[in-house]
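Breakdown of the fold
Each chain is listed here by its residues.
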Amino acid sequence: MDLVRFFVKRFLRLLLTVLIISTLIFFVIRIIPGDPALIIAGVDASAEDIQIIREKLGTDRSLPMQYLAWLYSIIRFDFGNSMISGESVTKLIFERFPLTLTLALMGISIGILVAIPLGVMSAVKRWSLWDYFGLVFSQAGMAIPSFWLGMVLLLLFAVKIPIFPLFGSETFAHYILPALSLGFGRAAVILRLARASMVEELSKEYVITARAKGLTETMVKYKHALKNALLPVITITGIELGYMLGGAIIIEQVFSLPGLGRLFLFGIYQRDFTLIQGGVVFVAIVFSMINFLADILYSVVNPKIRVE
Amino acid sequence: MIAARKSQTILFSLAVLFLLVLVAAAIAAPLVAPYNPTEQFLSKRFKAPTLENLLGTDNYGRDVLSRIIYGSRSALIVGIVTVSIALTLGGTIGLLAGLGSPNLDSVLMLFMDSILSFPTILLAITVVSFLGYGLVQVMLALGIISSPVFARLVRAETLAIKGEGYVEAARALGTPVVKIVFKHIIPNILGKVVVQCSIVFALSIVTEASLSYLGVGTQPPEASWGLMLKDARNYLVQAPWLAIYPGLVLALTVLSFNIIGDTLSERLNPRLTGSS
């Protein structure tokens, strides 16, 4: 029963977050000094042209009406048409999103596969070579900007030693370097958390009890402690996956991948306001949904949280 | 453990040293930079590093080292301004939430959490795309976006300190709230705030570089590390040094801030220094 209540509570929070982000976007666009229609139309546009653009944007109506129309469009998941190409923004987004999602999923997989074993080993063998390696890795991961890493990887593995293709998105090989650049920095964050969490678990009383009753070290560490240590990692992995959707924007630019990020950037260069606001709200919804799922998953494996 | 502590002290000193050099270079840029960062020498485009141009030249024959030195100016300014805006805005909101009514607290924190629950870079690009491209706009956007971190920190600490005996005693004696804030709350949270400042500082430098890389941050011909990397992307095969050096300096700067932040937070946390 309390699982259901928790679920409903978190779902309401998800809706609230999306509502707030949508509202912020709406007002940010309207608060900015200057009429967007004038910016879009350019200096030598006629009054008629400007009026047409206003109608397209909906800025000819009163502010509360615009706001309601905006919320209604989000509920219907219809973000209007691109102001440049006239195509449906929702359609454009769904065409590009699979690539970005693939990239983010590959990135997070690399992050998890590297970070969790390394983080756990660092915690089990503290101040060992493993731990130092983990420390250097996490510091490097947090300091090296993903887009620069992408450029260096291209330089090394596509130019100097050409094992990977330089630009493009046709084959699986095209995704490996971008996913690595994306995953490296996030792996550092997961590693730090995994290590800290494992260190904390190993110092708890039940570990001492388990040892006292004669369980083998392997059982104590990898069966009892590890299971609990991985709990907080679930939450951070959800958050990191969301951040990767944002990080993908810049990585797609480095590797010329035609994903959501490039679509979004294109919208920004062209001042395609409907595309920009649709894109932001879409990412906000996806991001909140990922966090919501991570929360639910976390509460399923850790019943303690539901009582809170 | 003692060896670890020693190596941490060495790393900390190195990080401080690096940042001091960077700050000195930024301030004395016209004196230490060998060339004018925006002057073009079209006769010597794409020169690999030599004694004449220590880190090579770019597609306009501009000196890479000089551009990196001048780029440190925008990087540091971004960090300083962003942290100042974020600290002022976030700190005020955090104090209001911590000291005000529970309703005010909920509303303020809801807004802060909503901003926090969104990828920074995407939010920054969006805000900048509406404010217009440029360094000032980037700093403003980053300052606002970074404020929730401070708001959360200050609020949590304020709530914790508010319940302490000595603060309750001060209140009972009729000490004005403003005085309690300045005498008891601020000194108590200063340590954690400083650590957070170093993290936000590093993050804002990376985000500015990312935005400039995407073409919506610092505009040419100004020198910025992100902008240099943006240009370098087109000449990866021809002139790899264009991509390597600005990125290296950027990474080292961020690393230094992270090391300083980590060391400070460990030293300031008695629980961590006390145990094993």
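Given the structure is predicted, the values throughout are model-derived calculations rather than measurements.

1. Describing the overall build of chain B
- If you tally the helices and strands in chain B, you get 11 helices and 0 strands.
- Mapped in sequence order, the helices and strands of chain B form the string α-α-α-α-α-α-α-α-α-α-α.
- Counting only C-alpha atoms, chain B reaches 75 × 50 × 30 Å along its principal axes.
- The proportion of buried residues among the 276 residues of chain B is 50%.
- Here the analysis covers contacts within chain B between residues at least 6 apart in sequence; of these, 69% occur between residues at least 24 apart.
- When the accessible surface of chain B is summed, it comes to about 12400 Å², and 69% of that surface belongs to carbon and sulfur atoms.
- Mean positive and mean negative side-chain charge positions of chain B (19 and 14 charges, respectively) differ by 3 Å.

2. Observations concerning the overall build of chain A
- Tallying secondary structure elements over chain A gives 14 helices and 0 strands in all.
- In terms of its C-alpha atoms, chain A occupies a principal-axis envelope of roughly 85 × 60 × 30 Å.
- Burial statistics for chain A: of 308 residues in total, 50% are counted as buried.
- Across chain A, the fraction of contacts at a sequence separation of at least 24, relative to all contacts at a separation of at least 6, is 72%.

3. A word on the side chain of Ser210(B)
- Its location among the elements puts Ser210(B) in helix H8 (residues 177-213).
- Judged by relative accessible area, Ser210(B) falls into the buried class, the value being 7%.
- Within the structure, Ser210(B) has its side chain in polar contact with the backbone oxygen of Val206(B) (distance 2.8 Å).
- If near-sequence neighbours (up to four positions away) are discounted, Ser210(B) is found in contact with Phe147(A), Ile250(A) and Ile121(B).

4. Examining the nonpolar core
- Among the nonpolar cores identified, the biggest contains 154 residues, and Met198(A) and Trp225(B) are the most heavily contacted of them.
- The dominant element in this core, judged by the number of residues it contributes, is helix H5 (residues 89-124) of chain A, at 15 residues.
- Each of two domains, domain 1 (2-75) and domain 2 (91-270) of chain A, supplies a minimum of three residues to this core.
- If sequence neighbours within four positions are ignored, Trp225(B) has contacts with Leu22(B), Ile68(B), Gly71(B), Ser72(B), Ala75(B), Ile205(B), Pro246(B), Val249(B), Leu250(B) and Thr253(B).
- Core analysis: the next-biggest nonpolar cluster, separate from the first, contains 6 residues, Ala29(B), Ala33(B), Tyr70(B) and Ala223(B) among them.

5. Some points on the interface of chain A and chain B
- Across the boundary between the two partners, chain A contributes 46 residues, which contact 45 residues of chain B.
- In this assembly, chain A packs against chain B so that about 4100 Å² is buried in total across both faces, 76% of it on carbon and sulfur atoms.
- Looking at the side of chain A facing chain B, the largest losses of area belong to Phe147(A), Trp148(A) and Met151(A), adding up to 15% of the total buried there.
- For the pair chain A and chain B, the number of links is 1 salt bridge.
- Between Arg192(A) and Asp262(B) there is a salt bridge, with the nearest N and O atoms lying 3.1 Å from each other.
- Our count for the contact surface shared by chain A and chain B stands at 8 residue pairs in polar contact (both at pLDDT 80 or more).

6. Structural notes on the environment of Ile186(B)
- One can find Ile186(B) in helix H8.
- Taking C-alpha positions, Ile186(B) is 9.9 Å from Gly91(B), a pair spaced 95 residues apart along the chain.

7. Here's the deal with unusual backbone geometry
- For the bond running from Pro220(B) to Pro221(B), omega is 5°, close enough to zero to count as cis.
- Mapped onto the fold, Pro221(B) is located in the loop between H8 and helix H9 (225-233).
- Despite not being glycine, Phe77(A) shows a phi value in the positive range, around 60°.
- As for its position among the elements, Phe77(A) is in the loop between helix H4 (63-75) and H5.
- Using a relative accessible area of 28% as the deciding quantity, one classes Phe77(A) as partly exposed.
- Unlike most non-glycine residues, Trp127(A) shows phi in positive territory, near 60°.
- Turning to its location among the elements, Trp127(A) is positioned in the loop between H5 and helix H6 (129-143).
- When its relative accessible area of 35% is taken as the criterion, Trp127(A) is described as partly exposed.

8. Here we look at the side chain of Thr274(A)
Residues and elements named next belong to chain A.
- Assignment of secondary structure puts Thr 274 in helix H13 (residues 273-301).
- Using a relative accessible area of 9% as the deciding quantity, one classes Thr 274 as buried.
- One polar contact links the side chain of Thr 274 to the main-chain carbonyl oxygen of Asn 81, over a distance of 2.9 Å.

9. A short note on the environment of Leu153(B)
Residues and elements named next belong to chain B.
- In this structure, Leu 153 sits in helix H6 (residues 135-162).
- Owing to a relative accessible area of 18%, Leu 153 belongs among the buried residues under this scheme.
- Contact partners of Leu 153, with chain neighbours within four places excluded, come to Lys 192, Val 193 and Gln 196.

10. Quick look at the pattern of salt bridges
All names here are of chain A.
- Counting across every chain of the model gives 15 salt bridges over all chains.
- Close ionic contact of Arg 76 with Asp 78 constitutes a salt bridge, the shortest N to O distance being 3.9 Å.
- Here Glu 217 and Arg 211 are joined by a salt bridge, their closest N and O atoms 2.6 Å apart.
- Take Glu 217: its relative accessible area is 36%, and that puts it in the partly exposed class.
- Classification of Arg 211 as partly exposed rests on a relative accessible area of 36%.

11. A few points about the confidence of the model for chain B
All names here are of chain B.
- Mean pLDDT over chain B works out to 87, with 96% of the residues at or above the 70 mark.
- When pLDDT is averaged over each element of chain B, helix H3 (residues 64-99) comes out on top at 93 and helix H11 (residues 270-274) at the bottom at 50.
- Here the prediction assigns the complex a pTM of 0.87, and the interface score ipTM is 0.87.

12. A closer look at the packing of H5(A) against helix H12 (residues 260-269) of chain A
All names here are of chain A.
- For the pair H5 and H12, interaxial distance at closest approach is 7 Å and the crossing angle is 135°. In terms of orientation, H5 lies oblique with respect to H12. Each of Leu 92, Ile 93, Arg 96, Phe 97 and Thr 100 in H5 lies in contact with H12, whose residues at this interface are Leu 260, Gly 261, Arg 262 and Leu 263.
- For the contact of H5 with H12, the residue count by class is 5 nonpolar, 2 polar and 2 charged.

Reading the values: rules and limits
Residues numbered from 1 in each chain as written. Chains lettered and ligands numbered in written order. Predicted model: local features only at pLDDT ≥ 70, side-chain atom pairs only at ≥ 80, totals over all residues. Heavy atoms only, no water. Helix = DSSP H or I, 4+ residues; strand = E, 2+ residues; numbered from the N terminus. Buried < 20%, exposed > 50% of the residue type's maximum accessible area, 1.4 Å probe, protein only. Contact = heavy atoms within 4.5 Å. Areas by Shrake-Rupley, 256 points an atom, 1.4 Å probe, with all protein chains shown as cover. Lys, Arg positive; Asp, Glu negative; His and termini not counted. Charge placed at Lys NZ, Arg CZ, Asp CG, Glu CD. Polar contact = N/O pair within 3.5 Å; in protein donor to acceptor, adjacent residues only side chain to side chain. Core = buried A, V, L, I, M, F, W, Y, C linked by side-chain atoms within 4.5 Å. Domains from an automatic or database assignment. Buried area = accessible area lost by both parts, 1.4 Å probe. Salt bridge = Lys/Arg side-chain N within 4 Å of Asp/Glu carboxyl O. pLDDT = per-residue confidence, 0-100. Axes fitted to C-alpha atoms, helices over the stretch in contact; angles between N-to-C directions. Parallel < 35°, antiparallel > 145°, perpendicular 65-115°, else oblique. Nonpolar A, V, L, I, M, F, W, Y, C, P; charged D, E, K, R; others polar.

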